[in-house]
Amino acid sequence: MLLDVQNVTKTYPVADSTRPVLDGACLTLGAGETLALTGESGSGKSTLLHLVSALDGFDSGEILLDGMAMSPLSDVQKAALRRGPVALVFQQLNLIPSLTVLQNLAFHARLGGREDPRQIAGLVDRLGLAGLENRYPEQLSGGQQQRVAIGRAIALRPRLLLADEPTGNLDETTSDAVLDLMLDLVRGAGTALFLVTHSPRIAARMDRHLVLKNGRIT
Amino acid sequence: MQLATLVLGLALATGLWSAVQAINTQARENYAEAAERLGINRFATLSSPSGPIAVDTYVRIRRAGWQVSPVLEGRIGLAGRSFTLLGVDVLTYPMEIAPQADEADVSPADVLTAPGRLFAHPDTIRNTEQAALPVPLVTSDRVPRGIVMTDIGTAERLLDRPGQISRMLVLASQPRDLPPLSDIVPTLKLTAPRAGDDLSRLTDSFHLNLTAFGLLSFAVGLFIVHGTAGLAFEQRRGMVRTLRALGVPLGLVMRLLMVELGILALVAGGLGLVLGYVVAAALLPDVAATLRGLYGAPVSGSLRLQPEWFASGIGMSLAGALAAGTHALWQVRRLPILTAPGQHSSGLASETAFRRQAQAGVAMMLFGLSCPWLLGGLVSGFVLLAGLMLGAALMLPLALSRVLSLIENRAQGALAEWFWADLRSQLPGLSLALMALLLALATNIGVGTMVSSFRLTFGGWLDQRLASELYITARSNEEGRRIESWLSDGQADAVLPIRHAETWIVNQPARIYGIVDHATYRDNWPLIASLPSVWDRVADGTGILINEQLARRGDLWPGDSVTPAAGWTMTIAGVYSDYGNPDGQAIVSLPLLLSRFDGVPARQFGVRISPDRAPMLKDALLRNFDLPASAIANQAEIKDRSIAVFEKTFVVTGALNVLTLGVASFAILTSLLTLWTMRLPQLAPLWALGLTRRKLARLELLRSVVLAGVTGLLALPLGLALAWVLLAVINVESFGWRLPMHLFPLDWLRLWLLALCAGAIAAALPARRLNRMPPSALLKVFADER
Ligand SMILES: Nc1ncnc2c1ncn2[C@@H]1O[C@H](COP(=O)(O)OP(=O)(O)OP(=O)(O)O)[C@@H](O)[C@H]1O
Ligand SMILES: [Mg+2]
C-alpha cells in the first residue's frame, strides 16, 4: 500500500467549536492508483490533503506512506517528504511570482534534486506552454497558470500526486483537457493520483470515488 | 506591537531632528547674546591698518566733535590661563559692564583709579581665584563669557601698551555737520557695523554643519515616517476593503484614517520631543566645549526649552506623517475592492519606475554639480551636497536592481535562483528604507573621512608648527630680554624670538610675525606653496609668507604682491597651512618687522633644546627668573591641549552619525514589517514545496543582510564624494583652508560590518516570527488567498 490513512482526527483550535474537522478518517491508496474525494465545502478535504502531504500535524491516528509513519517525523524530514515522494497541486496554485514559467516548472524538481531537463522540455510541449517559457506567472491566463502548477508537480516525479480541485477555476472544456493531461502523465509515470473535486463528472473518471462527510470517509 | 513600531518610528525621527534643532538654536542664541554684549555688531569701528592708534589721533577726532569710544584689546594671562582683555573707556563705552548696583557695590572712582578693577563673568573667573590676580576682580554677568574687561587705563598698564588704542567705536548718536572722518584721519579705516565677524562666520559654519545633519536626519526621519504610515495603512487594507464593500463612501474612510494618523503623529511627535531633548541635553556640553575651544565663542552648556524647536519638531512629525499618509491613501484609493494584496510581483513593472527615478537622480546630481560653477559660495556647496546625496539615493534602486540581476545570472541551483530573483522583486517595497541606509552610510563615510583627514593633517601640522621644545612668555619686554640673553649664553641650542604686530591685510585683521632665519623653520614649516629658495627670500627681507586663509580669501599666491601695512608692499614667497585660527597671518624677517612697527613686544620666544633636557631647562628658568608656571609651555603639552580641542569638535558629529545609522536600521525594520502581510503569501509556497521554516527564516535574514551589504558597497563612492565636497568645497568656503583627503579602508570595513549588523537586526524580528509560525497559520495564508 502506498498510502494508508488510519483513523485520523484533526481539530483546529478555533475560538468556539472544537468539533473535529476530521474524525477518524480512513483511506488507502495503492501505487499507480487514481482516487477522487468529494464532499461539501468546509468538510475538510483540503485539510486531509495537507495532512497527507505532511504540511500539518494531526491529533490522533496515523498516516503511513510506503509503510513509514508520518507523526514522528521532524520538520526537516517532513520538508524532505514534500520535495520527494509527495507533490501537491494547490487549489490556489502557489506559483512563484519572481520566477519565469520555465524556472517555475523546474523549481520543485530542482529543490528535490531530481531535475531532468529533457523531461521538462517534454512537459513544456505536452502542457502547451511552448513560447511562454520566459514569461512570468502574472503574464499568464488562469488556465496557463494551472498547467504550470500541474507541470511543476509532475516534474518532481513523485510517487503520490495530490491535487486540490485542479480544475476548480476552469470551464468545462479546459478542465477536461487538463484532466486528460494529468491522467496521461500519471499513468505514464506510474504515479498514484489523489484528487479532490466538486465535480461528479471528474470523480467518475478516477479508479475510485470516496466521499468525506462529518469527518469520515465513505 | 505594530502600533508600537509606528509610534516609535515617528518618535525617533522627530527626536533626531529636534535634538539637532535644539542644539542649534541654543548655541545660536547664546552667541547672539554674547555678540550683543560685546557690541561687535552694532557699532562702526575705526582702526588703523598699520597697527595701534596713537592717543593724539583719538584726541584729534574728539576735537572735531565725533563721539568715539577707545578700546584697547590684548591677551593677558590671569590665574594661570590666558584671556582676551578688553580695555574700554568706561565713561563713553556704550554698554554697561559693571554688575547691577544691588549685586555688588563698585564706585566709579575705584574703577578709574589705580589699581582699578577687572570685570569678568562669574563663569570666566571665579571669585575664589581673586588672590592670583594683579588687580581686584568684580564678577559681572554683563560681561561676555571668556573675556575680561577693564578700564582702558588699567588695560594699558596690564598689557604694557601705554598710549595705545586698538580701535574706536563710533557711537550711534553724533552731532550734526561733522567733517567726514576720512578728512580728519585719512590713514584710519572705517568699518561699517558688521552683520557677522570672523567669529560668527566660523560658528555659523559649525552650525551649518549641524543643520546639514539636521536636514539629513529630517530626510531619514521622513523615510521612516513614510514607512510607518505605510505600515499603518497596510494593516487597515482589509478593513478598508470591507468597509467599502459594505458601501461606506471612500472619502469618509480616508478622512477617518487621516484623523487617526494625525493623532498618532501628535502623540509620537511629543514622545520624540522628549527624546530629542534628552539627546540634546546629553550632547550640548560637548557642543559647548567644542565651540568654546575651537572658536572661543561663548555657549552655555545648559539647555532651555524653546517654543521654536518644540513647534518645528511637532510640525515635522505631523507634516511627515501626513505627506506619507497622502501617498499611502492614494494607494488605498486605487485599491480595487475585490482583489487580494500583491501576489503579482515579478519585478517587471518596477524596472521602468526605477529607470525614471534614476533619471531624476541624474538630473539632480547635475544640478548640484553645476551650482558651484554658476554661483560659488558656501550655499552652493551645500546645494551640491544635497544634489549629490538625493540624486544618488534616487539612483539606488536601479543600481541595486542591476547588481542583483548580475548576480542572479550567475546563480546556481533553484534556491539561489529564487533568492536573487525574489530579492530583486522586493526592491520597490524596501527602496525607501535602503535609500535612508545609503544616506546614513554615505554621511558616515563622508564625515568620518573628513574628521580623520582633519585629525591626521592637524597632527602632522602641529608637529611642524610646534618645532621648538619650549615656548616662553615673559611678563615684560625687559624680563624677556634678560631671559633671552641668559638662554643664548649656552643654555639652549637656539632661541627663536616670537614677535608679532597686529595689522590689516586685504581688509582683514591679521597678525604679522617676525622670525629669525633658522633651520627650525626651514626644515619644519608647513608650506603648501612657495617660490624657489623661499627662506632666503624671507631672510633677506624681500619675501613674505602668508597663511592659507589669507591666500584663499584674497586669492593671493606665491609671486603675487601684498600690502601688509599701509604703504608697504611685498612679494609673497610662500603660503603655509594654519589650522584652527580664523584670522589672517603673515611672516616676515624679524628686522623687517621691527623696522615697520614700533613697540613690538619682545616677550615670547621658542627654545630649541634636546627634548630630554627640556624639563630641566624649564625648571631652571622658573627658578632663576621667578616665573609663573604658565609662562613656559612645553611643546608636548601644547600639542596635547590643541589636539584635545579638535577631538572634541567631532564628538558631536560622531554621536549624530551613530544615531542616523540606528535610525536607518529602524527604517528597514519598519519596511520589513510593513511588507510582512504581503511577504507571507510569497514565502508560504516555498515552505509547501519542501523548505523548512528555519531555512526560510535564515534566507529572510540573509536577504536583509545582502541588501544592506550591497547598499553599503554603493555608499562607499558616494561617501567619498561627500568627503571630497566637505574637504575641498565646504571647508574652503567656511574655514578658508583646504585639507588633503586621506583614506581609511579599515573604517570603511568597520562601517560595512555595522551596516550588515543593521540589516540583520532589522530582519531578526520578522525572521523569528516566521520561524515560530505554526503550520496551520501558514496554511491559513493559502486559504486567505482564495
Ligand atoms: N488553518 C486553519 N485554521 C483553522 N481552521 C481551518 C484551517 N483550515 C481549515 N479550517 C477549517 O476547517 C474546516 C475544513 O476546511 P477545508 O479547507 O479542509 O475544507 P474543504 O473541504 O477543503 O472546503 P472547500 O471545498 O471549500 O475547499 C473549515 O471549517 C475551515 O474553516
Ligand atoms: Mg478545499
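Residues numbered from 1 in each chain as written. Chains lettered and ligands numbered in written order. Predicted model: local features only at pLDDT ≥ 70, side-chain atom pairs only at ≥ 80, totals over all residues. Heavy atoms only, no water.

## What about the overall build of chain B?
Within chain B, the secondary structure is distributed over 21 helices and 20 strands. Classification of the 786 residues of chain B by burial places 53% in the buried group. Counting only contacts in chain B whose residues sit at least 6 apart along the sequence, the fraction spanning at least 24 positions is 80%. Approximately 33,200 Å² of chain B is accessible, and the part contributed by carbon and sulfur atoms is 60%. (Helix = DSSP H or I, 4+ residues; strand = E, 2+ residues; numbered from the N terminus. Buried < 20%, exposed > 50% of the residue type's maximum accessible area, 1.4 Å probe, protein only. Contact = heavy atoms within 4.5 Å. Areas by Shrake-Rupley, 256 points an atom, 1.4 Å probe, with all protein chains shown as cover.)

## Description of the interface of chain B and chain A
The partner chain A presents 27 residues to the 29 residues of chain B that form the contact. Taken together, both faces of the contact between chain B and chain A bury some 2,700 Å²; the carbon and sulfur share is 61%. Connecting chain B to chain A are 2 salt bridges. Where chain B touches chain A, the interface holds 8 residue pairs in polar contact (both at pLDDT 80 or more). Those elements that place two or more of their residues in the side of chain B that touches chain A are helix 11 (414–465), helix 18 (635–688) and helix 21 (775–785) of chain B. For the side of chain B that touches chain A, the leading source of residues is helix 11 of chain B, giving 8 residues. (Buried area = accessible area lost by both parts, 1.4 Å probe. Salt bridge = Lys/Arg side-chain N within 4 Å of Asp/Glu carboxyl O. Polar contact = N/O pair within 3.5 Å; in protein donor to acceptor, adjacent residues only side chain to side chain.)

## As for the side chain of B:E417
Position of B:E417 relative to the elements: it lies in helix 11. Discounting residues that sit within four places of it in the chain, B:E417 has contacts with A:L99, A:Q103, A:R110, B:E408 and B:A411.

## Here we look at the pairing of strand 11 (residues 470–473) of chain B
Regular strands place their side chains on alternate faces of the sheet. All names here are of chain B. As defined by bridge partners, strand 11 adjoins strand 19 (residues 604–608) across 4 bridges and the pair is classed as antiparallel. Within the sheet, the bridge partner assigned to T473 lies in strand 19 and is Q604. Bridge count for strand 11 against strand 20 (residues 632–634) is 3 bridges, and the pairing is antiparallel. Paired with Y471 across the two strands is A633, which belongs to strand 20. (Pairing = 2+ DSSP bridges.)

## Remarks on the site of ligand 1
Of all residues adjacent to ligand 1, which total 17 residues, the nearest are A:S41, A:G42, A:K45, A:S46 and A:T47. At the site occupied by ligand 1, nearby residues are drawn from chains A and B. A:Y12 is positioned such that a nitrogen or oxygen atom in its side chain is 3.5 Å from a nitrogen atom of ligand 1. A:K45 is positioned with one of its side-chain polar atoms (N or O) 2.7 Å from an oxygen atom of ligand 1. (Near = heavy atom within 4 Å.)

## Examining the nonpolar core
General note: in soluble globular proteins, nonpolar side chains tend to be found buried as a group. With 130 residues, the main nonpolar core has A:L3, A:L160, A:F194 and B:W418 as its most contacted residues. Among the elements that make up this core, the one with the highest residue count is helix 11 of chain B (27 residues). Excluding its chain neighbours within four sequence positions, the residues that come into contact with A:L3 are A:L27, A:T28, A:L29, A:V52, A:I63, A:L64, A:L65, A:L160 and A:F194. Counting 38 residues, the second largest nonpolar core, distinct from the first, contains A:L93, A:V101, A:L156 and A:M206. (Core = buried A, V, L, I, M, F, W, Y, C linked by side-chain atoms within 4.5 Å.)

## Here we look at the sheet that holds strand 8 (residues 192–196) of chain A
Residue and element names in this part refer to chain A. With mixed pairing, the 6 strands of this open sheet are ordered in space as 6-7-8-3-9-10. Both edges of this open sheet fall to strand 6 (86–89) and strand 10 (216–217), since each of them pairs with a single strand only. Pairing of strand 9 (residues 208–213) with strand 10, which is carried by 2 bridges, proceeds in the antiparallel orientation. Within the sheet, the bridge partner assigned to L212 lies in strand 10 and is I217.

## Looking at the pattern of salt bridges
Oppositely charged side chains can pair when the atoms bearing their charge come close. Residues and elements named next belong to chain B. All chains considered together, the criterion is met by 18 salt bridges over all chains. R608 is the salt-bridge partner of E469, the closest N and O atoms lying 3.0 Å from each other. Of the two residues, E469 is situated in the loop between helix 11 and strand 11 and R608 in strand 19; the sequence distance between them amounts to 139 residues. D536 is the partner of R522 in a salt bridge, and the nearest nitrogen-oxygen pair spans 2.9 Å. Taken together, the residues span a long stretch of sequence, with R522 in helix 13 (residues 519–524) and D536 in helix 14 (residues 534–539) at a distance of 14 residues. The exposure class assigned to R522 is partly exposed, which follows from its relative accessible area of 34%. D536 sits in the partly exposed class, given a relative accessible area of 40%.

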